[in-house]
Structures are given as C-alpha cells and as structure tokens.
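# Remarks on the overall topology
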Amino acid sequence: MGFWQRFLQLDRKWIFLGIAIVVIIPLIKPIGLPIKPTKPVIDLFTYIDTLGPESGPVMVVTGFDPSTMPELMPMEQALLRHCLTKGIPVISFGGLYPAYIGMAKMAIDEVSADFPDKKYGEDYVFLGFIPGVSAVILSIGIDIATTFGNDYYGTPIDSLPMLRGVKNYSDISLVVDVSGTSTPEYWLMYAQERYGVNIGVACTAVSAPAYYAFLQSGQFVGMMGGMKGAAEYEELMARKGYPTGRRNATIGMDSQSLAHLLIILLIILGNAGYFIVRRGERRRGIIRRKR
Amino acid sequence: MLIGLLFFFGQMPITVVARTDSISLKPPTNLRAMDTPNDHGKSITLFWDCPLDISNIEGFQIFREAADESLHLAGYAPVNKTEYVDQLGLRNNVEYQYSMRSINLEGVVSIFSELSPVVTAYPQWFKKNEVNILIMIIIYFGLVIYFVRIARKGKKIFLRRIPGLDALEEAVGRATEMGKPILYVPGIWPMDEIGTIAAMNILKPVAKKVAQYESRIIVPCIDPIVMNVAQQTVKEGFTEAGRPDRYNQDDVFFLTSAQFAYAAGVNGIMVREKPATNLFLGVFFAESLLLAETGNATGAIQIAGTDRVPQLPFFVAACDYCIMGEELYAASAYLSEDPRLVSSIKAQDWGKMAILISLFFGSVFSILGLRFILSWFSAG
Amino acid sequence: MRRRLPVIIAFGIGFAMLIQYFIPHPRSEEFYNVIVQQWFIIIYAFMYIFALRSFFMHHITKVKKKKEGYIFSAVAMVSVLFMLLSGLITSRGPFFDSLYNYMIAPLQGTMFSLLAFFIASAAFRAFRARNVQATLLLVTATIVMIGRVPIGDYLWRGMPDLVEWIMTVPSMAAMRGIRIGVGLGAVATAMKIMLGIERSYMGGE
C-alpha cells in the first residue's frame, strides 16, 4: 500500500493528537494574533457604549449551561464588565431554564469582584430563574416586580434602589441574550415584536449563521458569534481602555487559529491523497464506481 | 425627575409641594387617551403633543384619576416621547381621566394640562393587528384540504426521490445480513416538537421493516413521553408485520434527560452493540456530530434527518444520507404513499410558490417605494 | 372509539390552541396557562416515574445478565440515587451545588469539547472534491475557517469582510429558504395531526 493510501486511512487518533497539540501549545506560549472586530460586534459594542448611568438598565440574560461555557462565559463577562465600567445599571437574569442559573451566578460573582466600588442593588442586580419561558418574557413586559417578586437572594424587588424606576421593557435600554440554544428567537418573538425593546445576541458560532437574517432586518441591534465574537468584544474594550479582565476569549483564539489551520492542512492533504490515489488507480485500469 | 420617580409606584395624592412655574414651563397639549388595542385589558395608551419649547424640560409626569381614586402620579415619560402605555394598577371597565405636567431637572413643574376625555380599559376578544396571519393560515388550510380531496378522487401526485428515505430498506436489510441491530435515535427534544413527531412517524414503518426482516431495533430515548410513544409505535409496527412476539420492550428505553449524558450513552451503545445501521431522525443540537462521528467509527451505515438547520452540515459531513428540513416532515407521506398525506406536500409546494411570488413583487414594489405589500406580512 | 378518541382530543386541543393565539382576553390566557403550564407539567411529572422505571429495569437487566459494560450500569444507577438523595436530604444546598459544579459541569464541558476533535476527523474524511458541488463546499468552508480566526486577517486584510459577505448573503439566503420550507412543513404536519390525517405517531391505525 502506497504512502498516500496509508495516509487516507490515517487512524483518527493521530488527528486527535494533532488537534490536542495545536490547542495546548498556544495556551502555554501565546502567539498574540491581532483581532479585527467585525460589524455585528461593533454594532453591539457601540450601542452599549452610548449608554450611561442615566440610561435604562441593560438586561443580560444567561442562556447557556456548562457545556458551552468556554464559548459564552467570556461574552457574558465582557458585557458585564462593559456595563459596570460605563456605570450602566445591569440586570443579570439567571435565564429561562434552571440549568443556567449556576452560570449566571458564576459570571456576576467573578466580574463584580473586579469592581469593588460597585454596589449590589444600586449598580447591578441578580434575578433568579422563574419557570415559564415565554410566559416569563411576556410578563417582564408588564411588570418586572410582579414577575420576579424577589431577586436571587430573596430581597424584594421593590426594595432594590436600582429597580425603583424600572417597571418593564420600556425602561430597559437593551436585552442581551447570551445563549447556546434558540432562546434569542423567543426574545425576538415575545419581547421585541410585542414590546419594542432592543435585543442583542451573544451566541455560539454554530448558531450565529441563523441569526444574520435578524441582524440584517434590524431586529437584533448587534451580535457576538462564537469565541471570535467574544475576542472582538474584548479587543474593542481594550482599545477604549476599559478593564478587560483575563481576556479568556482572546487567549483561546490563538489555539482556535492553529486548530483551523491544522484542519485546513488535513483537508488539503486529504484531497491531494485522494486525487493521487485515484489517478494511480485509473492508470492501473481499476474501475471506480461514481458515488 | 427624581421626585417623579420616588412616587412612581405609589397612588399617593399630590401632597408634595413642588414649585410651579407657569411662565417658562408649559404642559403638553392635546392629550388623548384610548384603550390599548389587541391586548388583555388593564392598559391605556396616551398620546400628546409636546410644548413648543422643550429646551428646559426633562420629562413629563402623568397623573390619573378615577371615581374612587384621587388624582395621583401614575407614570413618567422622557421629553422625547409623545406616547405612553399605562399598565400599572389599572382596572378594567373603570372610567379614568389623565392629566400631565412638565418637569425640569430642578424638579420645578408646570401647571397641569387639560384633562383627557374619559377612557375605559377593557380586554379584546380578537387581535385585529394579526388578522393577516389568520387569513394566511385559513388560505393554507384550504389548500391542504383541497389537495386532500383531489387525492381522494384518485389523482396521482408526483413526489421527487428522497435518497435518504429510499435507503432505509437497504439499511435495514444490511443490518439483517450482518446479524446486527439497528439503532434509531429519535432526537433530543420532547414530543411537542414537530420534528420529534416526524421521527415517530418514520419509526413505525422502520419498525415494521425490522420485524419483517426478523432483525432487532434499539431506540434509546431522552424524554419519557417520547419513550412511551416510541414503545407503542414500535409495538404496533411489529404487530402489523405479524411478528408481535419479536417485540422487546427493553430495547425501547429511557436513557437520560441530559443532552450530553444522552450523547455519551448512545455512543456507548454504538461502541458496545456495534449496530450495522444508525438512524438519527428528529431534533438534534450540539450532540449531532458526536453521535454521527462515533457511528462512523464503528462502520455503520448512517441515515440522518433533522429540521435544525445549523446541524445539517455535521450530518452531511458524517453520514451516508441526510434528510434535510421539510423532507423529514414529508417522510411519513413518502414512505406510506398514502394519497392524503402526499397531497399535503403538494399544498406545501403551493404555499412556497405563493411566498416566492410575494418575495418577488415585494422586492420590486419596495424598490419603487411602494411598501404596502410589506404591511400585509407584518404582524403587530 | 379507542381509535377515534385520541383524534378527537388532538383536534379539539389543537384547534383551541390555534384560536387561543388570536384571543388576547384574560379568559384565553387562563386557558393557555391551564393547558400548558398545569396539565403539561403534571403529565410530565408523572411520565418521569415511567422513565425512571424504564431506566432501572434496563440497567438491572444488564447487571443481572452480566452483559458487556454491566459495571457502568451499576455506576449509573448508584449515581442517579446519589444525586436524588443528595438533593432531597440537603435541600439543594452547598453540597448539591458542589456536585453540580465539580462533577456535572466538567463532564458536560468535556463531552462538548469532543466536538473539536470530531470535526477535525470528519473534515479530513468527508471534505473531498468529488464533484463540482463538493468542491464549492470545500473551498467555501476553507475560506470561512480561515476568515473566522485572527490568522485570516493576518494573511489578508480583506478576509474577514469576505467571510462576512459569505455569511450574510449566500449562507443566509440558503438558511432563509430552508427555514421557510421548515415553517410551512411544520404547519402542514400540525394540520394533518389535528385533522387526524396523520396518525402514525399514535401507534395504531
């Protein structure tokens, strides 16, 4: 069996080993590739950047579980950092499903630790999980206090200074859904269409292509797609001199870049081997059935 | 503004002494109030005209009174707004009147505007703003019923080939020859999703074929209701094939309700049982590639189908056949060749044609500045 | 009647839910809440009893017959009981949270991370320029893969913009087309179920 025939039958374990190596090495020795922000991320960043302490709060909705945490947690943390840096009031909503509340708490705890001057209840609040999905989204449009009753820690909503002037979506500047599923469409259907609140999306790279249609129609004000979207947002934060924390997404982009290059190399070599083997078989007169 | 916000949630009568300026601060004019349309009641929408000079106005305070409520602060609108929806503390079928006044940054207020006409909030029985959706649904239903009637008269309706569905028989036969089972994964979403229903519709003819070939089918389920329906469906399939004795309830079981635990469990089944045929039909998310790639590693022939568009590329890359989007919904009609089911696909094609025509004319008219056709398709 | 009753129920509830969407009145909302939030949840809660029964029966059979991997069946059953009892006894306190944060969360993350390896092996095996369409797919995938990471911009300044064009024009057009078809198919399937034309899912004809 020739080299290329053996190569085409390469055991996948060697491919897995290659991926592992190209992912681990940049984490130990970063390359520092430049990040160029794209329009959807710039739109989302700019929208939030124009807000300030006098604006209505930004509601950051957590819609992911631990499986998509590496991709989406940097997005949520970047959003929270941006808002707290600008003094924009933040409502961190633990999500429409119970699996997400742990992620929301992790994010708000980590980011708020970097802003010791920000006070809970005055600069940011954390609302827990309420069952109902679409019913919850609709109910927020009527009255947040009635919907939640208390915050995650059991404090009555009415007693939180930050929420005293905030009744429903008409008082909220932006809702950003950080989601690993299709929940942005629920926010679009029930919050944006019915109440007119502006919606931003932070989603996994796999989901991002499906939301470009809503971006183009203006139904979403902006979007972060995948870890690159998070890295672009971190880059925009850094360019403005805002605190970025550890920039987890940017750190991960070096690994992702090399992994993509490795996959492309494998595809090229695989196709080269395919054509070389096929040409050899044709020369030897082996009939190949067309697939 | 601060004073206004402090009394936002209260029905406190106006006992706060706010300095009034009737010279430089003017209240809004032409205040109109109406019941908010197409809602469940307890909501009144206000419209007004801003004063000519708004340079020193921060916003507008909104006051409300009823027979049993004295005039009290009910809301606040920023200066750039001319509309407000009052939903807090309203009651249906009670007569209300509104008044407004301007307020500046220092908390100085204008005199009150004239009272609005009396208005009553009440719930509506029909959303008039979505009548276009209802009309489209009725037309589409009419199309389906029309084509079902045509099919009943015996007219043959052409369906193009769907290679993935054609390959089902070959796939089951292959498993029988190799003496290995067929693995059927009905997706990871509950029974209320159309994709899962479509997966159950395909499961029955597959189970019938499995029974005819005297092979074995394994159906791990992520949802308890799906498990129950799958058990009934497989049992019926075996019964229709005349082999109820071959049905094994233990082969259609609940695995787990967690997404990635389910993927791990199904992967384990594939590695241990080594099915000759894997069928991934239903609603899938991130676990799609995990399942398909593991199945490929075991050497099974794989047929996948999902209506989740982002997962289609993974199935196309890793499976031998891929049934895309609406082809999954058409599978039941395609496999059974029931004229009534096939005719509904014809109605779908007509529906798509109508949308294509609307897209074309809508684009042309929009370019010409005529946007009326867009309003036909807008909801709300 | 055994065959007709489920069809009648499917039609009645389906039609009622369709009409309910167009009626904003509170009575309509109450009906929706009763069906979706109460009946649905109650049915699901009871169905989980059947699910657990199926789970334990399946794994107990494997352990009894000492089938391949029966040890893992024992581990699965012990794990379920352990989590269940932990939650009940500690009222979902810090111990239960620790089980979630230090066992379930890393396990879920690990399974998801397998995708990175699997996509590489799938791409190596499947992306072959066998015909024109496959070549087009291959070239587009390569451009998008390079453009979606910083190295794309490093190689060519225009790469991210090219990728944005691919995502916002041809890719989105294809997505929209498939979604329109899926939407129409979903409505037609729902209609067929409501009218009793489609009955395969009921497990009997």
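Residues numbered from 1 in each chain as written. Chains lettered and ligands numbered in written order. Predicted model: local features only at pLDDT ≥ 70, side-chain atom pairs only at ≥ 80, totals over all residues. Heavy atoms only, no water.

### Here we look at the interface of chain C and chain B
Taken residue by residue, the interface counts 61 residues in chain C and 67 residues in chain B. Across the interface of chain C and chain B, roughly 5900 Å² is buried in total on both sides, 70% from carbon and sulfur atoms. The interface formed by chain C and chain B includes one salt bridge. For Glu293(B), the salt bridge goes to Arg125(C), with nearest N and O atoms at 2.7 Å. Remark: the boundary between chain C and chain B carries twelve residue pairs in polar contact (both at pLDDT 80 or more). Listing elements by their share of the side of chain C that touches chain B, those giving two or more residues are α1 (4-21), α2 (26-64), α4 (94-126) and α7 (159-194) of chain C. By residue number, the principal contributor to the side of chain C that touches chain B is α7(C), which donates 17 residues. Each residue belonging to the side of chain C that touches chain B can be placed in one class, and the counts come to 38 nonpolar, 13 polar and ten charged. (Contact = heavy atoms within 4.5 Å. Buried area = accessible area lost by both parts, 1.4 Å probe. Salt bridge = Lys/Arg side-chain N within 4 Å of Asp/Glu carboxyl O. Polar contact = N/O pair within 3.5 Å; in protein donor to acceptor, adjacent residues only side chain to side chain. Helix = DSSP H or I, 4+ residues; strand = E, 2+ residues; numbered from the N terminus. Nonpolar A, V, L, I, M, F, W, Y, C, P; charged D, E, K, R; others polar.)

### Some words on the packing of aromatic side chains
Under the counting rule described, the total for this entry stands at 40 aromatic pairs over all chains. With centroids separated by 5.3 Å and ring planes inclined at 85°, the aromatic side chains of Phe284(B) and Phe315(B) adopt a geometry described as edge-to-face. Linking Phe284(B) in the loop between β11 (277-282) and α7 (287-297) with Phe315(B) in helix α8 (residues 312-318), this pair joins segments that are 31 residues apart in sequence. Looking at Phe315(B), the relative accessible area reads 0%, which means it is buried. Taken together through their ring pairs, the aromatic side chains of Tyr120(A), Tyr124(A), Phe126(A), Tyr152(A) and Tyr153(A) make up a single cluster. Over the aromatic face of Tyr21(C) sits the side chain of Lys127(B), whose NZ or CZ is 4.4 Å from the ring centroid. (Phe/Tyr/Trp six-rings, centres within 6.5 Å; stacked < 30°, edge-to-face > 60°. Buried < 20%, exposed > 50% of the residue type's maximum accessible area, 1.4 Å probe, protein only. Lys NZ or Arg CZ within 6 Å of the ring centre and 35° of its normal.)

### Observations concerning the confidence of the model for chain B
In low-pLDDT regions, the fine details of the predicted coordinates are not to be read closely. All names here are of chain B. Averaged over all residues, the pLDDT of chain B is 88; the fraction at 70 or higher stands at 94%. Per-residue pLDDT, averaged within each element of chain B, yields its smallest value for helix α1 (residues 2-6) (41) and its largest for strand β8 (residues 182-185) (98). Scored below 50 in pLDDT, residues 1-16 makes 36 contacts in the model with residues more than four places away or belonging to other chains. (pLDDT = per-residue confidence, 0-100.)

### A few points about the nonpolar core
Core analysis: the biggest nonpolar cluster contains 52 residues, and Tyr184(B), Ile217(B), Val219(B) and Val234(B) have the highest contact counts within it. When residues of this core are assigned to their parent elements, the largest contribution, eleven residues, is made by helix α4 (residues 194-212) of chain B. The next biggest cluster of nonpolar side chains, apart from the first, holds 46 residues, and it includes Ile101(A), Ala104(A), Ala107(A) and Ile108(A). (Core = buried A, V, L, I, M, F, W, Y, C linked by side-chain atoms within 4.5 Å.)

### Side note on the side chain of Ser257(A)
As for its placement among the helices and strands, Ser257(A) is situated in helix α11 (residues 248-283). Note on Ser257(A): relative accessible area 0%, which makes it buried. Those residues within four positions of Ser257(A) in sequence are excluded, and the remaining contacts are Leu33(A), Val149(C), Pro150(C) and Ile151(C).

### Thoughts on the domain arrangement of chain B
For chain B, the assigned domains read domain 1 (3-120) and domain 2 (160-337). Computed over C-alpha atoms only, the centres of domain 1 of chain B and domain 2 of chain B are separated by 61 Å. (Domains from an automatic or database assignment.)

### So, α11(A)
Residues and elements named next belong to chain A. Its 36 residues place the ends of α11 53 Å apart at the C-alpha level, agreeing with the 52 Å of an ideal helix rising 1.5 Å per residue. Bending of α11 peaks at approximately 25° at the position of aspartate 254. Remark: glycine 285 follows α11 within two positions and exhibits a positive phi of approximately 75°. (Expected span 1.5 Å × (residues − 1). Bend = angle between axes of the 7 residues up to and from the residue.)

### With respect to the sheet that holds strand β5 (residues 83-86) of chain B
Within a beta sheet, neighbouring strands are joined by backbone hydrogen bonds and run either parallel or antiparallel to one another. Residue and element names in this part refer to chain B. In spatial order, the strands read β1-β2-β5; together these three strands make up an open sheet with antiparallel pairing. Each of the sheet's edge strands pairs with one partner strand only, and the pair in question is β1 (29-35) and β5. Sheet twist, expressed as the mean angle between neighbouring strand axes with direction ignored, is 20°. Inspection of the sheet shows β1 paired to strand β2 (residues 44-49) by five bridges, in the antiparallel sense. If you follow aspartate 35 over to β2, its bridge partner there is isoleucine 44. (Pairing = 2+ DSSP bridges. Axes fitted to C-alpha atoms, helices over the stretch in contact; angles between N-to-C directions.)

### What about the interface of chain A and chain B?
When the parts come together, some accessible area is lost, and that loss is often what is quoted as the size of the interface. Across the boundary between the two partners, chain A contributes 16 residues, which contact 19 residues of chain B. In total, about 1400 Å² of surface goes out of reach between chain A and chain B, with carbon and sulfur atoms giving 53% of it. On the chain A side of the contact with chain B, Arg12(A), Lys167(A) and Val206(A) bury the most area, a combined 37% of that side's loss. Where chain A meets chain B, there are one salt bridge. For Glu293(B), the salt bridge is made with Arg12(A), and the minimal N-O distance between the two is 3.0 Å. Scanning the region where chain A abuts chain B turns up one residue pair in polar contact (both at pLDDT 80 or more). Looking at the side of chain A that touches chain B residue by residue, the class counts come to four nonpolar, four polar and eight charged.

### As for the packing of helix α3 (residues 39-49) of chain A against helix α10 (residues 226-239) of chain A
Residue and element names in this part refer to chain A. Two numbers describe how α3 lies on α10: the axes approach to 10 Å, and their chain directions differ by 45°. One finds that α3 runs oblique with respect to α10. When the axes of α3 and α10 are compared, the crossing they make is right-handed. Residue-level inspection shows Val41, Ile42, Leu44, Phe45 and Ile48 of α3 in contact with α10, the latter providing Gly229, Glu232, Tyr233, Leu236 and Met237. (Parallel < 35°, antiparallel > 145°, perpendicular 65-115°, else oblique. Left-handed = near helix turned anticlockwise from the far one by under 90°.)

### Description of the sheet that holds β8(B)
Residues and elements named next belong to chain B. One open sheet holds the six strands; their spatial order is β10-β9-β8-β11-β12-β13, and the pairing between them is parallel. The open sheet has two edge strands, β10 (252-254) and β13 (321-324), and neither has a second partner. Strand-to-strand twist of the sheet, defined as the mean angle between neighbouring strand axes without regard to direction, takes the value 15°. Across six bridges, β11 lies against strand β12 (residues 301-306) in parallel orientation. Looking across to β12, one finds that phenylalanine 280 is bridged to alanine 304. Across the face of the sheet, helix α6 (residues 259-273) comes into contact with β8, β9 (217-221), β10 and β11 while running at roughly 160° to β9.

### Regarding the confidence of the model for chain C
Residue and element names in this part refer to chain C. Averaged over every residue, the pLDDT of chain C is 86; the share at 70 or more is 96%. Helix α3 (residues 70-90) holds the highest mean pLDDT among the elements of chain C, 91, whereas helix α6 (residues 150-155) holds the lowest, 84. Interface scoring of the predicted complex returns ipTM 0.88; its pTM is 0.83.

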